[in-house]
Amino acid sequence: MDEGLCNCVDVLRGGGYLIISLRFDRAAKLYKQGRDMDNAIKSLNMCVETNEKMHDNWACARNVENIINILLEKNSEQVIPELLKQFDRAIYFFRLADSAINYVQVGTKVGRFLESCKRLDEAKEMYRRILELIEDDGIQHIKKDIQNSFVAVLVEQQRHVEAAKIFEREVAINKENAYKSPVCSYALTSITLFLIGGAPEMAEEAITTFLKDIPPFFKSKEFEICERMLDAYTQGRQEDFNETIKNPIFNGIYPLNV
């Protein structure tokens with residue numbers, strides 16, 4: 001540790017936490033401007049330690065977020081283990097600070113970086129974990145982007161059936177509000193993914209369930225398309241199937257990489 005950081009630590013031990021936090025934060029910015037990323041990270045870690053002593057969870061969370069931003073800026077696969085470790089800290093502090101939307105935003109950035117490095121298994125598990133936390137925290141209204149990223153990774157890995165089950169579950173969650181939610185679109189997405197994944201029996205079973213649980217589904221355009229797709233698939237009419245999934249109704253309702 002260089003002399004400047006050592007001096008801050010000496011003052012920290014004397015109890016001047018707020019002043020020291022500001023000094024470490026200033027040091028981190030100067031180090032970053034000078035492209036000394038390692039010392040910038042050390043300074044921010046000292047900020048976290050200082051802010052923890054003041055029980056300032058929001059400040060700790062933002063310090064950790066800044067560490068993550070620096071690691072992302074390094075743009076190297078070598079940072080991934082540390083990146084995942086820091087993301088765990090970000091989740092911890094943002095949840096303590098009652099700011100779940102922030103760990104979702106940070107997780108989105110980390111996930112996209114993992115995808116860019118073709119670390120799809122790590123990206124998938126991270127998205128899965130965030131979705132579980134979102135459910136635990138009762139903030140399902142902000143899950144759309146993370147869920148779409150999760151599904152896109154599953155599709156990239158050719159795990160279409162697993163992706164289909166996510167939308168099948170969305171139908172179940174929203175069936176009581178079928179007239180006000182895009183539940184028919186969820187149903188269509190689920191059936192499409194089941195068929196692309198080579199699971200026509202699961203698609204047929206899902207259609208039967210949707211007809212029973214979703215009153216508006218029977219008269220919907222989505223149901224008509226599902227029937228046409230299933231018929232073309234089971235009859236081996238590949239051209240008809242391909243033509244059906246070009247219908248404009250599909251625009252924007254399932255991952256673009258399907």
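Quick summary incoming for the structure in this document. Owing to the predicted nature of the structure, the values given are computational and were not obtained by experimental measurement.

Definitions and limits used
- Residues numbered from 1 in each chain as written.
- Predicted model: local features only at pLDDT ≥ 70, side-chain atom pairs only at ≥ 80, totals over all residues.
- Heavy atoms only, no water.
- Helix = DSSP H or I, 4+ residues; strand = E, 2+ residues; numbered from the N terminus.
- Expected span 1.5 Å × (residues − 1).
- Buried < 20%, exposed > 50% of the residue type's maximum accessible area, 1.4 Å probe, protein only.
- Contact = heavy atoms within 4.5 Å.

## A word on helix α7 (residues 120–136)
Here α7 spans 24 Å end to end across 17 residues, near enough to the 24 Å set by a 1.5 Å rise per residue. All buried positions along α7 are accounted for by Leu 120, Ala 123, Lys 124, Met 126, Tyr 127, Ile 130, Leu 131, Leu 133 and Ile 134. Residues of α7 that are buried make contact with α5 (80–96), α6 (100–116) and α8 (144–156). Directly after α7, the chain includes Gly 138, whose backbone phi takes a positive value near 65°.

## Quick word on unusual backbone geometry
Phi at Arg 35 takes a positive value of approximately 65°, unusual for a residue other than glycine. Tracing the chain through its elements places Arg 35 in the loop between α2 (17–33) and α3 (37–53). Its identity is not glycine, yet Lys 118 carries a phi of approximately 60°, on the positive side. In this structure, Lys 118 sits in the loop between α6 and α7. Since its relative accessible area comes to 62%, Lys 118 is described here as exposed.

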